[in-house]
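# Secondary and tertiary structure notes
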Amino acid sequence: GGRVSVRSQQKFLNHLVEICRDEKAEALIAVDRMGYNPSNGQGSLTQFNNDLQQIEISNVGFPDVEDSSVRIFADNSDTASVLLGRADSIAANAMGSSGTGDESVWQDMIICAESELRASSISSSVDANGASEEESSNPNAAHSGNEMIDRIISEIDKEEREAEYRERQKRKGNARTVEVRATSEPVTVSFTVANPLGLDIELTEMQLVASLSCPNSGSLHSNEFTISDEQYDPSTPKIWKFHGSDKEFESPDFMHQGSIDADGSRVALVDKYNPYFVVTKKTVKMTPSSSTVASLEICPLSKGDLEVIGVRFKLLGEVWIYHRFDLPGPLLQDTQLNRSKRVRGESMLLKSKIEEEMPSLKVTITPSNKNQSTVLQGQTSSWILKLSNYGYAPAANIMLKTNAPWLNINDETGEEKDEYSPTSHCVGPSGTLMKVPFEGTNKAGILQPGETVEVPVSIRTSGGGRQDFYILCRYELWNEDSQTKFASPRHRWARKLLSIPVYPSITMSASLMPSYVNNGEHILSVELMNYRSDRDSGLDINFDNLCVISRHFEVKQLQGQFISDGVSNSLIHVDDEPSALEVGWQERVTLHYLVAPIAGAVGPCNVSLLPLSNDGNASVVKNGDAKLTDFICRERAHDVFSSTLENHRREKERLLAEQEKEGQPRHVAQIRRAKTTLPGGESNLSSSSNEPVAQPHPTSIAHLCPSEGTSNINVVCSWSASVGEGGQYETIVGQHHLRNLLLRPQNKSKGCPLAMTAKHVEKVCHDFDASSHLDVDLEITLRNRLVETDVDFEFALDHQPEFDFVGTTSFKWSLRGGEEITVPMKARFYAGGVYNLQSVRLTVLKSEAPLPYLFPLQWTILVEEGS
């Protein structure tokens, strides 16, 4: 019980080695008395003589292996672990390494990707039979008016219910399933080993102890028993290497085979060059009273049931030490007795089911410019997405899922696409699920084992500070059977996380005001401000052009905004870039444009490219430029999908809360919602016509600017800047978006629903000695900005002490959607001067309460005295 000296510890180890070397028979008897009890192996060693059996000591406390620290995960040299699909494990790397991302985000992406694929009928593993019946019978099904989004939300609800059920079963202990792994893919087992002695020790030939039973052959291979083979020459071992791993594997020591039948008979394995599994062997050196984490690998070579039993190693290069893992299982919660007695089930951590060879994809993404260091908000840059198949089977149907529409797959085919086509090879309405296009060695879209493809992509950063960009890659096992209608190929997931610090760049805002000149025209004012803070100097930003996307409006640039007279030098366009507008640090510039409706029938989407230079003429881009429009199209699709999903989840929570209060009187709001709900789950947004209408893809430019949406425009500002330090500078580009700027709202508006313009002369001369007053014609036009809603209002003119109004000065009126009224009157002046004729007060008559509006406008007129 006292402290043992280092000298006594060393003497004990020396005596232990001498006994095992010189007194083998007695040592074997002592080992049996120490409690060595292999699984299903009592009496199986009696058939071998002592010459074949080796001495191995178990149940000793040095070195000490901590069973609670045992972890098992797929071996992968990449920082982001490659995880398996629905049929496999989707748990995170158990080592908890940094940079793996938020597990809840990964799970939401997996559920959304699976739901989109099934609802869109893209994946070959999707079986959509009976989906409509289940959706119609579900009272909580989404009814947003978009059939595709409703279908996907229904699939998401189904996935979440299945996940909750599996989690409940796991807590109860009824869903204890083993991991499903692939043949020829290494698996890493890590654990903590401690040295309780006061001297240095060296553990050699450390390897895992396991067994693998193959139902096809009826045999079991294991290295659990210390049985040597006299015919095997250990000096010439066979070495195995596998894709994606630089480690060397070999057949474990004491490998033997037997029958799966529980008769206990086993024979020594003669041919050690064809084992069912191979392992790595390592040497661990430990200092006194230290601990370290040991990682050992095992790779199955045959299909069957694999179980990792323990670990063995040599002490002092002569004595075998064996430690059998003893892992407690989960607490059983299925019965009251099990809960009260805290009964544990069987642990499945170290058990695996080995199936056929699978593809194993490694995802890497690198910038095309290796010297790029600073990343600004809104910056767009070119990257290379590299997909490498380190598995032993071809991969097909490779899909990419991101947490936001920040990655765009470039179209290298050069084919012209119409405005109804999806952008960036998107699948589904979320704008974040894309099918990776590539040309394989043998067949397009098939990635063979050992093959690597590079896909050019563009990345647009958003947000501020350190941003996490998630990439989830889904791929399927390809074979001839997977191409049949009823085949369901297995699939897997690969994860990649980009953590990028994003610095501020610019802020962009816009406002729209009705034009006072022509009916239906508006003035678009775009305000840009430079907020860069990535370095101390050289923070200028060049604004290259402004792109306005609309189907019903065209944009014209107001002339004379870039003349240098009286303007800060920083606002003059750069000499070597005549189409750029340079703005210094924390400077603000406001640009004005005329937005006019397009006359005639509804045509294709109009993409106007406005250079930011003096008297620059607008150019129209046919079907849009992918570099300008792809990101904004996918952002709109993602926002619509996310908001619909969020509203559906809030509605589900509300329904659940109401169900908990059954039997209580209903609230007035509940009665109103029940009356407005359509029977049979129909949407009030459905088309009145039964004729099939070609619907644009949610990520297409036609969906960004729908033909029925007559009141919105979208703005994209392209900019460039110089970044870098130490004499190494580079030019980066970026873009900022403003989506869905409403010119004429459909039903409601945040501001006044009425637009007001005036027509009058700006300058007049009159001889007040000859006539005491002057009457000037004034026409005030009021237009209902709402397209589908009537507006009741009251018109009134405030009294002005310096002049009078002659005519109708107050009345009540009602304007239908888009209708206007012109009020003629006269302004009477009694002396010369400068006057502001804007004295109108409008009061919108609503059912709740009248709402008055004052307009901060100036209708200025100059009255000169003279003959």
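Model, not experiment: these values are computed from the prediction.

This part takes up the overall build of the protein chain. When its secondary structure is counted, the protein chain shows nine helices and 44 strands. Per-residue burial over the protein chain gives 47% buried out of 867 residues. The contacts of the protein chain with a sequence gap of at least 6 include a subset with a gap of at least 24, amounting to 77%. Here the protein chain has roughly 43,500 Å² of accessible surface; of this, 48% comes from carbon and sulfur atoms.

Here the focus is the pattern of salt bridges. Considering all chains together, one arrives at 34 salt bridges under this definition. For Asp157, the salt bridge identified is with Lys652, shortest N-O distance 3.4 Å. Remark: Lys652 occurs in helix H7 (residues 626–660) and Asp157 occurs in helix H5 (residues 147–172); sequence separation between them is 495 residues. Between Asp798 and Arg841 there is a salt bridge, with the nearest N and O atoms lying 3.5 Å from each other. Taken together, the residues Asp798 in the loop between strand E37 (791–797) and strand E38 (803–807) and Arg841 in strand E42 (residues 840–844) connect sequence positions 43 residues apart. The exposure class assigned to Asp798 is partly exposed, which follows from its relative accessible area of 28%. Since its relative accessible area comes to 32%, Arg841 is described here as partly exposed. Connected via shared salt-bridge partners are Glu114, Arg118, Glu155, Glu159, Arg474 and Glu476.

Right, let's talk about unusual backbone geometry for a bit. At Phe254, a residue that is not glycine, the phi angle is positive and equals roughly 65°. In this structure, Phe254 sits in the loop between strand E6 (219–222) and strand E7 (256–259). Phi angles above zero are rare outside glycine, and Gln586 is one such case at about 60°. Positionally, Gln586 belongs in the loop between strand E28 (581–583) and strand E29 (588–597).

Let's shift gears to the nonpolar core. Counting 46 residues, the largest nonpolar core has Phe191, Leu203, Met206 and Phe325 as the members making the most contacts within it. In terms of residue count, strand E5 (residues 201–214) provides more of this core than any other element does, seven residues in total. Contact partners of Phe325, with chain neighbours within four places excluded, come to Val65, Asp67, Val70, Val189, Phe191, Val308, Ile309, Gly310, Val311 and Leu350. If you look at the next biggest cluster of nonpolar residues, it comprises 36 residues, including Phe768, Leu778, Val823 and Tyr853.

A word on a negative patch on the surface. On the surface, a cluster of negative charge is contributed by Glu18, Asp22, Glu23 and Glu26. On the secondary structure map, Glu18 appears in helix H1 (residues 6–22). Here Glu18 falls in the partly exposed class, since its relative accessible area comes to 40%.

Moving on, we come to the packing of aromatic side chains. Taken as a whole, this structure holds twelve aromatic pairs when the rule is applied. Measuring from ring centre to ring centre gives 5.2 Å for Phe254 and Trp320, while their planes differ by 70°; the resulting arrangement is edge-to-face. Pair noted here: Phe254 is in the loop between E6 and E7 and Trp320 is in strand E13 (residues 319–324), with a separation of 66 residues, a long-range link. Each member of the pair Phe254 and Trp320 is classed as buried. Put simply, the rings of Phe793, Phe795, Phe811 and Trp813 pair up and form one aromatic cluster. Above the ring of Trp493, the side-chain terminus of Arg474 is found at 5.9 Å from the ring centroid.

A few words now on helix H2 (residues 24–33). Of all the positions in H2, only Ala27, Leu28 and Val31 are classed as buried. What you see down the axis of H2 is that its buried residues fit within an arc of 100°, all on one side. Structural note: H2 exposes Asp32 and Arg33 on the side pointing more than 90 degrees away from its buried face. Contacts made by the buried residues of H2 are with H1 and strand E1 (56–58).

Attention now moves to the confidence of the model for the protein chain. Averaged over all residues, the pLDDT of the protein chain is 80; the fraction at 70 or higher stands at 79%. Counted against residues more than four places away or in other chains, residues 77–98, with its pLDDT under 50, gives 59 contacts. Segment residues 677–692: pLDDT under 50, and seven contacts once partners within four positions in sequence are set aside and those in other chains are kept.

The sheet built from four strands is open, its strands ordered E2-E4-E11-E9 with antiparallel pairing. Strand pairing shows two members of the sheet lacking a second neighbour, strand E2 (64–74) and strand E9 (277–279), which therefore form its edges. If you compare each strand with its neighbour and ignore which way they point, the axes differ by 25° on average.

The next thing to look at is the sheet that holds strand E27 (residues 553–557). In spatial order, the strands read E24-E25-E29-E27; together these four strands make up an open sheet with antiparallel pairing. Edge positions in the sheet fall to strand E24 (506–514) and E27, since each has one partner strand and no second. Taking the axes of each pair of neighbouring strands and ignoring which way they run, one obtains an average angle of 30° across the sheet. Two strands pair when backbone bridges link them, and E24 and strand E25 (residues 522–530) are joined in this way by nine bridges, in the antiparallel orientation. Within E25, the position partnered with Ile506 by the bridge is Asn530.

Attention now goes to the environment of Lys763. Following the sequence through the fold, Lys763 ends up in strand E35 (residues 763–766). Counting along the chain gives 100 residues from Lys763 to Val863, while the straight-line C-alpha distance between them is 6.1 Å. Look past the residues within four positions of Lys763 in its chain and what remains in contact with it is Leu862 and Glu864. A polar contact of 3.5 Å, which involves the side chain of Lys763, links it to the side chain of Glu864.

Within the fold, Pro429 resides in the loop between strand E18 (407–409) and strand E19 (433–435). On a C-alpha basis, the gap between Pro429 and Thr699 in space is 6.7 Å, while along the polypeptide they are 270 residues apart.

Tracing the backbone through its elements, the reader meets Glu725 in strand E32 (residues 712–725). Residue classification places Glu725 among the exposed positions, given a relative accessible area of 58%. Sequence separation between Glu725 and Ser537 is 188 residues; the distance between their C-alpha atoms is 10.0 Å.

So, about H1. Taking 1.5 Å of rise per residue, the 17 residues of H1 would be expected to cover 24 Å, and the 25 Å separating its terminal C-alpha atoms lies within 8% of that figure. Against the buried residues of H1 lie H2, E1, strand E12 (304–315) and E13.

With that settled, the discussion passes to the side chain of Glu116. Mapped onto the secondary structure, Glu116 falls in helix H3 (residues 103–120). Residue Glu116 is classed as buried on the basis of its relative accessible area, which comes to 0%. One polar contact links Glu116 to Ser430, side chain to side chain, over a distance of 2.7 Å. The residues touching Glu116, leaving out its near neighbours within four places in the chain, are Ile152, Lys401, Val427, Gly428, Pro429, Ser430 and Leu433.

The rules we used
Residues numbered from 1 in each chain as written. Predicted model: local features only at pLDDT ≥ 70, side-chain atom pairs only at ≥ 80, totals over all residues. Heavy atoms only, no water. Helix = DSSP H or I, 4+ residues; strand = E, 2+ residues; numbered from the N terminus. Buried < 20%, exposed > 50% of the residue type's maximum accessible area, 1.4 Å probe, protein only. Contact = heavy atoms within 4.5 Å. Areas by Shrake-Rupley, 256 points an atom, 1.4 Å probe, with all protein chains shown as cover. Salt bridge = Lys/Arg side-chain N within 4 Å of Asp/Glu carboxyl O. Core = buried A, V, L, I, M, F, W, Y, C linked by side-chain atoms within 4.5 Å. Patch = residues over 30% accessible without salt bridge, like charges linked within 9 Å, V, L, I, M, F, W, Y side chains within 5 Å. Lys, Arg positive; Asp, Glu negative; His and termini not counted. Charge placed at Lys NZ, Arg CZ, Asp CG, Glu CD. Phe/Tyr/Trp six-rings, centres within 6.5 Å; stacked < 30°, edge-to-face > 60°. Lys NZ or Arg CZ within 6 Å of the ring centre and 35° of its normal. Arc of directions from axis to C-beta. pLDDT = per-residue confidence, 0-100. Pairing = 2+ DSSP bridges. Axes fitted to C-alpha atoms, helices over the stretch in contact; angles between N-to-C directions. Polar contact = N/O pair within 3.5 Å; in protein donor to acceptor, adjacent residues only side chain to side chain. Expected span 1.5 Å × (residues − 1).

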